Each structure stands twice: as structure tokens, then as C-alpha cells.
Amino acid sequence: MQGNGTEVTAAGIARLAGVGRAAVSNWRRRHADFPQPVGGSETSPSFALADIEEWLRRQGKLAEVPLRERVWQQIAGHPEGPVTALVHAGCALVLVHDRPTIWKEASAGSDARLAELLPTALEQVLTPRSGALRTSVVPIPAAAEFLPFAPLLRGAAQLAAEMGAPQAYDFLLGRHLDANPRQYTLTPRDLAALMADLAGPARTVLDPACGTGALLHAVAPAPAQELHGQDSDPHLAAVTALRLALHTKAVVRAAAGDSLRSDAFGTVRADAVLCHPPFNERNWGHDELAYDPRWEYGFPARTESELAWVQHALARLKDGGTAVLLMPPAAASRRSGRRIRADLLRRGALRAVIALPAGAAPPHNIPLHLWVLRRPASATAQPELLLADTGALTLEGRGGPDWQAVRSTVLDAWRAFARSGSAPLVPGVSRSVPVIELLDDDVDLAPARHLPPPVAAGGAQELSALRARLDQTLRLTADLAPSAADTADRGRWPLTTVGELARAGALVMRTGGNGPHARVLTDHDVIVGTAPSGTLPEAGEEPVLVEEGDVVVPVLGGGAVARVIDRATAGAALGRNLTLLRPDPAALDPWFLAGFLRGTANNRQASSYASTATRLDVRRLQLPRLPLDRQRRYGARFMALASFEDTLRLAGRLGDQLVRGLYDGLTDGTVAPD
């Protein structure tokens, strides 16, 4: 594939060749024929991708690079920008997916012929899906505009042949979002699925702030379905349109523009509206929209942009339709919004407020809320509001949401409430509250303020059992405490590095990345010694699954940590910022390997430092060359140290639970002071 002007940084070259960035710097110094920079800056130069590929191929360093990495580098370094390149690649993938025969015919000749035939071919495939998608969001370029993208489009088509067109687009989009985390506010997949389930089956669905289309993508398919998405960023609206066209059979109607100021779907009456609106916006149109008919429940204050989105969603629902919005917790209690909240309650439009655990979505340090609304089909007000708090449903040791528990808790409470208009009391978790109790001066709808507390840690009996378990763990800690070791003569050890062992075939190195999987081992799990707790995006890649006896090392943060995978963790996917080392059992003992990798001096000499982070070059980590029987002696000692460390962690967690339970029990009266 030719780059056609595409540029790549040193980090991109390292990914292409499967090496560290230090190796690229060495190549530039040692090889006079290494391509010269064509852009970037003195500290961060960029190189022509075509020249780099040719040089790597001559050096024999490009043969094993996956096709997806090459296509991604063309996206990331394209002269027109990665987002424009993503849109053009998406157009080609839709054509490959829907009309493979037409693509095969168009791509059979030269790049010029491909560019000449593409506009007509794309019009044939995009227009039936939605005229609006074709004309307003994904305009079809002329042949001359397509020509610079021809090599990229061919690469995208090859990638589609390898992994499928929808998966290829998910991979490229996922890599772009990962590379630019601060530019986008994303809705996590588990949260999007929960919001779609709360809305229920729907034929017509609208997301007025669609971003990359995560919420619309989560909607369950339905016959003759229509999906409407609008976003103020034209590129994101185009990405949403193409993503949905690849993944669904629904009619896709997407538009660019601010939904509050310039609503593209003013005549739509949807079965469901799903929305993750921008938070805390002052410039949402307060001055020019004062007399807008959407403000049925009151004109929102300048500081209440979220209540403007709530009323916009209600205005686009048909009678009886459901809206689910992600909201900041302040929207449930700010005094400036109390009159609108009161009218939403009186008229039966607001049906549920659900508090999520911290970490459910950006900003991750705040426990966000879900508001479930229904457009009243009659003037009869609903007498109760469902309040639920899932803030305690977090994963042990990590603090992120336990999505399985959150999902079952929320849906069980909502479905019971939706059937009967009332829900049973679950202390500390959920209850339905008479609306009249909420219509005070504050109209504070924060769930925690209206839910009775749960019994502290299960009551005095469970606290006694917890104390007994802590006693047992502390005794075990004393038994496992290591004794002093004899002094060893380290000077006689010949040393090798992980990189040398990998080249010799004594171990295999893999890095974590993308690919959906039910259990993902994260760098945080490795550091704190907990079970797999993460998720990975649907990015079209096969996940790297860990096996018993693998050694996993975090590469960020500067800590001396290595974990040997046990039977319980085996089968989980390897998360990001982790390197997996799979030793040959005939050459290396895994516990010996992990133990020496944890040496503080070893980590220090293999680490590099940026202004805000420390990164570990695993290939530079050292360990001694010892016969296998002596490795196993060291390995047994390292295994005993790991058991001691795990027991100390367990004792700490049990102690924290006991202290918290006693504080709660003493303060709520379930535990007597004597």
C-alpha cells in the first residue's frame, strides 16, 4: 500500500515493526539510509509512511505486521486528517458490505478508475438507506477528491475481507478514539445497553446528541426500525451514520447541528429517546430560545442546560414514549431547577431517578444519574416516582461499577414499577416514593436522600462472622511471614534480558489491546491483586487470552509488579497497558521469571520517564541465567512471598469492611456500644 502523503510518527513506526520507540531512535542513528523526517517538530518528527514501509521491508522488519496496523497508520497519518479519513473509509466499507460485487468491479482497475466509479456506486448504496444520510451528513465527494484516498480505501477493503466490514470500522474507530481520549466524551457500552433496556423495544429511536452512535448502536433491532441521530460535530454525525449503516438494517437518518438551536427532527415523534447530553453548558441557547414551545414544563435557567435537554427529549416523544437521559447528580437538587422538576413530577413525566456508581461514565469521579421519562398519554398524573441507588454496586478492590449487579438491580426495580406503578422497598437500594412527599421547597430528587439505609454489613451477626474471618486471616498472615534468607553471591550470575529470551524462543511476548470479552484483566487488577474486572471495546480484534503460568506486567506507573496467572484468572482477556510473557516451561519457571522482574533496581534501569508518567520497557528487564532446577528453588520462594502478599491484602480488605460496618452499625443503632 502506498501512503500517498500519509505520515507516521516514531511511535507509529514502533507499532508497525513491533518494537519499542527506543529501537526506532537507534535505527535513525545507526542506519544512514533511514528515511528523513517530512513533517512534525524537532522533538516529534513525522515520516512518510510509504518510505518507512519500504525501509522496514528492506530490513526484513515488516513481514509480521498485521494488515489492520498498516491501515490504521494510514488513517492516523492521512494529510486530510484522521476523522476525514475515517469517513471516507466508512463509505468504502458500506459499499463493500452492502454491494460487494460493485466494489469488486470498481476496485479492479487503477486508483484513478476506482476514484471515478466510486461516487456513482456510493450513491446507489447510500441513497436507499436514507437520503438525508447521503446529502447532509455523508456528502459523496467527486472523483478528484476520492483519488488521494484510494490506497486507504483499498486497504480498508482488504481489512474487511479479513475481519468483516462492521468489525473493520469498529476497529479503526476504536483506535482513533483511544488515541484521542480528551477530544470525545464517550458513553460506555454497558451503560448504553442499560439505557436501551430501560427504554424498551422501539421502532423509532432518536438520540439528539449522538456522538459516535453508542446509544443508537445499543438499541435492540425491530421490524421497520428507524434510527435518528444528530450531533453538533458534523464528523461525529457522519461516523454515527456509517457505523449504524454497517451494523443495522434500520433506516438511518443522521443530521449535523445543535439539536437545541437547530433541531433537524422537529416533526419526529419517537417511541424512544436516548441521550447523553453535554453537561454544565452555559451557552446552550438560553437567550434566543426563551419562547420555544418545547418548554412545556418551564423555561430552564441559564445554568440548567440539562433540563433543556430533558424537555427537548419529551417534545420528540409520541404519547406514552420513553426517554432515558444520563444526567449529572446536581440536576436532581439544584434550586434553580426545582420548579421544572416539580412540574415534571405533577404531570407524571418523570418516572424514575437512578443513581449509578462512580466510574459509570465520564466524569468518572462523580456518581451520575439516569432519568427515565415518559410523555404522558393523558392528564392523569402518576402518584409515585421510582428512586434507586446503585452506588454500592462496585467491584471489590477497583471501585468501578459491577455492571452485572447494576443491570439486574435497576431493571428488576424498573420493570416492577412499570407494571404496577409501584415498587417494593429495598433498604438502601430502591423504593417508589409518593410524588406528594417530594413536592416541598427543594424538590430534591437525589435517591440517597429518600432511601432508608441498609442494615449495616448485614447486622451484628455478620459483623461477628467478619471478625472471625479477619482473625483467621491474621493468623495465616503470621504463618506465611517470610524468614530471613542467607546472603547470596549475585556477582557470579550471568544476566540476560527479556528481549533476548524472546528472540531465543524461551518466552513469547504479547501486548494487551482491543477485542470484546466478558472478563478483562486490567493493569489495576494486576497491581492490586483482584479478579478480572475490565471491559474492552468492540474493535474488531481478537483479544489476547491469558493462560495459567503466564506472567503479566503493567507497563505504566513505575511500580515493580508482575503477576503469575492462576487457574481462576486463566481465560480472561489481556487489558491495555499490560505485557504478557508466556515462558517455555522447559526453559523458564514462571515464578522465577515474575520474581526477578519485580526487583526495584531492575525496574528502575528498564524505565523511561516523561513529564507525567513512567513507562516500563519490558524487553530491557534482566534476570540471571540459571539452570531450571535452581530457577524452581527461587520460584518456590517467590510463590511463598506472593501468597503472603495476597493474604496481607485480604486482611486489609476485611479490616476495612469491619471498621466501616461497625461505624455504620453504631450510628444507625443496629450494633450496641457494649
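Placed above this text is the structure.
Model, not experiment: these values are computed from the prediction.

## Here's the deal with the overall build of the protein
Part 1 of the reasoning: A tally of regular secondary structure across the protein gives 24 helices and 22 strands.
Part 2 of the reasoning: Taken over the C-alpha trace, the protein has a radius of gyration of 29 Å; the compact-globule value for 674 residues is 26 Å, and the two agree within 12%.
Part 3 of the reasoning: Projected onto its principal axes, the C-alpha positions of the protein cover 85 × 85 × 40 Å.
Part 4 of the reasoning: Counting every position in the protein, which comprises 674 residues, the buried fraction comes to 48%.
Part 5 of the reasoning: Carbon and sulfur atoms make up 51% of the accessible area of the protein, which amounts to about 31,000 Å² in all.

## Here's the deal with the packing of aromatic side chains
The geometry of an aromatic ring pair comes down to the distance between the two centres and the angle between the two planes.
Part 1 of the reasoning: One pass over the structure, following the stated rule, counts 11 aromatic pairs.
Part 2 of the reasoning: Taking the centre distance of 4.8 Å and the plane angle of 70° together, the rings of Phe34 and Trp55 count as edge-to-face. Separated by 21 residues along the polypeptide, Phe34 in the loop between α2 (21-30) and β2 (39-40) and Trp55 in helix α3 (residues 49-58) bring together distant segments of the chain.
Part 3 of the reasoning: Note on Phe596 and Phe638: the rings are 5.5 Å apart at their centroids and 85° apart in plane angle, and the pair reads as edge-to-face. Taken together, the positions of Phe596 in helix α22 (residues 590-597) and Phe638 in helix α24 (residues 628-668) put the pair 42 residues apart, joining distant regions of the chain.

## Side note on the side chain of Arg294
Part 1 of the reasoning: Residue placement: Arg294 occurs in the loop between β7 (270-275) and α15 (305-315).
Part 2 of the reasoning: Look at Arg294 and you get buried, because its relative accessible area is 6%.
Part 3 of the reasoning: A polar atom in the side chain of Arg294 sits 3.3 Å from the backbone oxygen of Ser259.
Part 4 of the reasoning: A polar side-chain atom of Arg294 sits 2.8 Å from a polar atom in the side chain of Asp292.
Part 5 of the reasoning: Not counting residues within four places of it along the chain, the set of residues in contact with Arg294 comprises Ser259, Leu260, Asp263, Leu289, Gln311, His312, Ala315 and Arg316.

## Describing α24
Part 1 of the reasoning: For α24, spanning 41 residues, the distance from its first C-alpha to its last is 59 Å, which sits close to the expected 60 Å at 1.5 Å a residue.
Part 2 of the reasoning: The complete set of buried residues in α24 reads Gln631, Gly635, Ala642, Phe644, Thr647, Ala651, Leu654, Gly655, Leu658, Gly661 and Gly665.
Part 3 of the reasoning: Elements in contact with the buried residues of α24: α19 (460-480) and α22.
Part 4 of the reasoning: Backbone geometry just after α24 places Gly669 at a positive phi near 90°.

## Notes on α19
Each turn of an α-helix holds 3.6 residues, which means side chains three or four residues apart point in the same direction.
Part 1 of the reasoning: For α19, built from 21 residues, the straight-helix expectation of 30 Å at 1.5 Å per residue is met to within 8% by its first-to-last C-alpha distance of 30 Å.
Part 2 of the reasoning: Among all positions in α19, only Leu463, Leu466, Leu470, Thr473 and Thr477 are buried. Along the axis of α19, the buried positions cluster into a sector of 80°, meaning they face one direction only. Across α19 from its buried face, at more than 90 degrees, point the exposed residues Gln461, Gln472, Arg475, Ala478 and Asp479.

## Quick notes on the sheet that holds strand β19 (residues 578-583)
Part 1 of the reasoning: Pairing is antiparallel in the open sheet, where 4 strands are placed in the order β14-β19-β16-β17. Edge positions in the sheet fall to β14 (507-511) and β17 (563-564), since each of these pairs with one other strand and no more.
Part 2 of the reasoning: Sheet topology places strand β16 (residues 551-554) next to β19; 4 bridges connect them, and they run antiparallel. Residue Val551 lies in a different strand from β19, and its bridge partner there is Leu581.
Part 3 of the reasoning: Against the sheet, α22 engages β14, β16, β17 and β19, with an angle of about 15° to β16.

## Notes on the sheet that holds strand β5 (residues 226-231)
Within a sheet, each strand pairs with its neighbour through backbone hydrogen bonds, oriented either parallel or antiparallel.
Part 1 of the reasoning: The sheet built from 9 strands is open, its strands ordered β6-β5-β4-β7-β8-β10-β9-β11-β12 with mixed pairing. Lying at the two open borders of the sheet, with one neighbouring strand each, are β6 (251-256) and β12 (430-434). The sheet shows a mean angle of 15° between the axes of neighbouring strands, direction not considered.
Part 2 of the reasoning: Bridge count for β5 against β6 is 6 bridges, and the pairing is parallel. Its bridge partner being in β6, Leu227 is matched across the sheet by Val252.

## Let's talk about the packing of helix α5 (residues 82-98) against helix α14 (residues 234-247)
Axis angle and axis distance: for two packed helices, these are the angle between their axes and the distance between the axes, and together they describe the pair.
Part 1 of the reasoning: Their axes nearest at 10 Å, the elements α5 and α14 cross at an angle of 20°. Regarding the angle of α5 to α14, the classification is roughly parallel. Regarding α5 and α14, the two cross each other, and that crossing is left-handed. Two secondary-structure elements touch here, α5 through Val83, Thr84, Val87, Gly90, Cys91, Leu93, Val94 and His97 and α14 through His235, Ala238, Val239, Leu242, Ala245 and Leu246.
Part 2 of the reasoning: Of the residues in the contact of α5 with α14, the class split is 10 nonpolar, 4 polar and no charged.

## Here's the deal with the pairing of strand β9 (residues 350-355)
Part 1 of the reasoning: The buried count for β9 comes to 6 of 6 residues, which makes it a mostly enclosed element.
Part 2 of the reasoning: Where β9 meets strand β10 (residues 369-374), 5 bridges bridge the pair, whose relative direction is antiparallel. Note that in β10 the partner of Ala352 across the bridge is Val372.
Part 3 of the reasoning: Bridge analysis of β9 against strand β11 (residues 384-389) gives 4 bridges, and the strand direction is parallel. Following the sheet pairing, Ile354 is matched in β11 by Ala388.

## As for the packing of helix α4 (residues 67-76) against helix α10 (residues 150-163)
Part 1 of the reasoning: In contact at an axis separation of 10 Å, α4 and α10 are set at 150° when each is read in the N-to-C sense. α4 and α10 meet at a crossing whose hand is left-handed. Of the residues in α10, those touching α4 at Leu67, Arg68, Val71, Gln74 and Ile75 are Pro151, Leu152, Gly155, Ala156, Gln158, Leu159, Glu162 and Met163.

## Focus on the nonpolar core
Part 1 of the reasoning: Core analysis: the biggest nonpolar cluster contains 92 residues, and Trp103, Val138, Leu194, Leu198, Leu274, Leu326 and Leu370 have the highest contact counts within it.
Part 2 of the reasoning: With sequence-adjacent residues up to four places away left out, Trp103 is seen in contact with Ala92, Leu95, Val96, Leu114, Leu118, Leu153, Arg154 and Ala157.
Part 3 of the reasoning: In terms of nonpolar packing, the next biggest core, distinct from the first, is built from 41 residues, Val310, Leu314, Leu373 and Val443 among them.

## Structural notes on the environment of Val429
Part 1 of the reasoning: Positionally, Val429 belongs in the loop between α17 (403-420) and β12.
Part 2 of the reasoning: Classification of Val429 as partly exposed rests on a relative accessible area of 24%.

## Some thoughts on the pattern of salt bridges
Part 1 of the reasoning: With the rule as written, the count across this model stands at 32 salt bridges.
Part 2 of the reasoning: Ionic pairing is found between Glu226 and Arg203, a salt bridge with its closest N-O pair at 4.0 Å. With Glu226 in strand β5 and Arg203 in the loop between α12 (189-199) and β4 (204-207), this residue pair connects regions lying 23 residues apart in the sequence.
Part 3 of the reasoning: Look at Arg203 and you get partly exposed, because its relative accessible area is 38%.
Part 4 of the reasoning: The salt bridge partner of Arg261 is Asp258, with a shortest N-O separation of 3.1 Å.
Part 5 of the reasoning: A residue is classified by how much of its surface remains accessible, and Asp258, at 24% relative accessible area, is partly exposed.

About the cut-offs
Residues numbered from 1 in each chain as written. Predicted model: local features only at pLDDT ≥ 70, side-chain atom pairs only at ≥ 80, totals over all residues. Heavy atoms only, no water. Helix = DSSP H or I, 4+ residues; strand = E, 2+ residues; numbered from the N terminus. Rg over C-alpha atoms; globule rule 2.2 N^0.38 Å. Buried < 20%, exposed > 50% of the residue type's maximum accessible area, 1.4 Å probe, protein only. Areas by Shrake-Rupley, 256 points an atom, 1.4 Å probe, with all protein chains shown as cover. Phe/Tyr/Trp six-rings, centres within 6.5 Å; stacked < 30°, edge-to-face > 60°. Polar contact = N/O pair within 3.5 Å; in protein donor to acceptor, adjacent residues only side chain to side chain. Contact = heavy atoms within 4.5 Å. Expected span 1.5 Å × (residues − 1). Arc of directions from axis to C-beta. Pairing = 2+ DSSP bridges. Axes fitted to C-alpha atoms, helices over the stretch in contact; angles between N-to-C directions. Parallel < 35°, antiparallel > 145°, perpendicular 65-115°, else oblique. Left-handed = near helix turned anticlockwise from the far one by under 90°. Nonpolar A, V, L, I, M, F, W, Y, C, P; charged D, E, K, R; others polar. Core = buried A, V, L, I, M, F, W, Y, C linked by side-chain atoms within 4.5 Å. Salt bridge = Lys/Arg side-chain N within 4 Å of Asp/Glu carboxyl O.

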